[in-house]
Amino acid sequence: MPTLDMVLHPPTRLQIAAITAKVSEIEFAKLRELTDVADSVLSKHLSALSDAGYVKLRKAARDGRQRTWISLTASGRNAFAGHIAALQALSAGLN
């Protein structure tokens, strides 16, 4: 039986993983808009995901400003898939 991933379990981190799983990378401001959290909250969750090796953060200049781009790593994709499988298994067991 798959197990829940406690790094991905907090709702905002799960939302970040779900969004980044659909794109090659996403800019910080767009991710903040989609998750509807403050900069500091998003930064904290991204740090936790980065520390776990689930996301890669890339800094680059764009339009004369420093921007942060986020992408889900292979490890992050595997962890996300496993976490979703665990949620589905848990849900199936409740029916």
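Here, the structure is the one placed above.
Below, the structure is looked at part by part.

Reading the values: rules and limits
- Residues numbered from 1 in each chain as written.
- Predicted model: local features only at pLDDT ≥ 70, side-chain atom pairs only at ≥ 80, totals over all residues.
- Heavy atoms only, no water.
- Helix = DSSP H or I, 4+ residues; strand = E, 2+ residues; numbered from the N terminus.
- Buried < 20%, exposed > 50% of the residue type's maximum accessible area, 1.4 Å probe, protein only.
- Contact = heavy atoms within 4.5 Å.
- Areas by Shrake-Rupley, 256 points an atom, 1.4 Å probe, with all protein chains shown as cover.
- Salt bridge = Lys/Arg side-chain N within 4 Å of Asp/Glu carboxyl O.
- Pairing = 2+ DSSP bridges.
- Expected span 1.5 Å × (residues − 1).
- Arc of directions from axis to C-beta.
- Core = buried A, V, L, I, M, F, W, Y, C linked by side-chain atoms within 4.5 Å.

### A look at the overall build of the protein
Alright, step 1. Tallying secondary structure elements over the protein gives 4 helices and 3 strands in all.
Alright, step 2. Sequence-ordered secondary structure for the protein, helices as α and strands as β, is α-β-α-α-β-β-α.
Alright, step 3. Each principal axis of the C-alpha atoms in the protein carries an extent, and together these give about 55 × 25 × 20 Å.
Alright, step 4. Buried positions account for 34% of the 95 residues belonging to the protein.
Alright, step 5. Sequence separation of 24 or more characterises 53% of the internal contacts of the protein that already satisfy a separation of 6 or more.
Alright, step 6. For the protein, the exposed surface amounts to about 5,700 Å²; the carbon and sulfur share of it is 54%.

### Quick notes on the pattern of salt bridges
Alright, step 1. Enumeration according to the criterion identifies 3 salt bridges in this entry.
Alright, step 2. Put simply, Lys 30 and Glu 33 hold a salt bridge, and the shortest N to O gap is 3.3 Å. A residue pair is termed a helical-turn pair when its members lie 3 or 4 positions apart in one helix, as Lys 30 and Glu 33 do in helix α2 (residues 28-35) at 3 residues.
Alright, step 3. Given the relative accessible area of 38%, Lys 30 is considered partly exposed.

### Overview of the sheet that holds strand β3 (residues 65-72)
Alright, step 1. Strand order across the open sheet formed by 3 strands is β1-β3-β2, with antiparallel pairing between neighbours. Only two strands of the sheet have a single partner each, and these edge strands are β1 (26-27) and β2 (55-62).
Alright, step 2. In this sheet, β3 lies alongside β2 in antiparallel orientation, the contact comprising 8 bridges. Of the residues in β3, the one forming a bridge with Leu 57 is Ile 70.

### Side note on helix α3 (residues 39-51)
Alright, step 1. Relative to the 18 Å expected for 13 residues at 1.5 Å per residue, α3 spans 18 Å between its end C-alpha atoms, a close match to the ideal helical length.
Alright, step 2. For α3, every residue scored as buried is listed here: Leu 42, His 45, Leu 46 and Leu 49. Relative to the axis of α3, the buried residues are bounded by an arc of 100 degrees and lie together on one face. In α3, those exposed residues whose orientation departs by more than 90 degrees from the buried face are Ser 40, Lys 44 and Asp 51.
Alright, step 3. Contacts from the buried residues of α3 go to α1 (11-20), α2, β2 and β3.
Alright, step 4. Immediately beyond the C-terminal end of α3, within one or two residues, lies Gly 53, with a positive phi of roughly 85 degrees.

### Details of the nonpolar core
Alright, step 1. With 17 residues, the main nonpolar core has Leu 8, Ile 16, Leu 31, Leu 42, Leu 46, Leu 49 and Ile 70 as its most contacted residues.
Alright, step 2. In this structure Leu 42 touches Ile 16, Phe 28, Leu 31, Arg 32, Thr 35 and Val 37, once residues within four positions along its chain are discounted.

### Section: the pairing of β3
Alright, step 1. Of all 8 residues in β3, 6 are buried; the element is thus mostly enclosed.
Alright, step 2. Two elements, β1 and β3, share 2 bridges in a ladder whose sense is antiparallel. Across the sheet, the residue bridging to Glu 27 is Trp 69, located in β3.
Alright, step 3. From the end of β2 to the start of β3, which pair antiparallel, there are 2 residues, and Asp 63 there has a positive phi angle of about 55 degrees.

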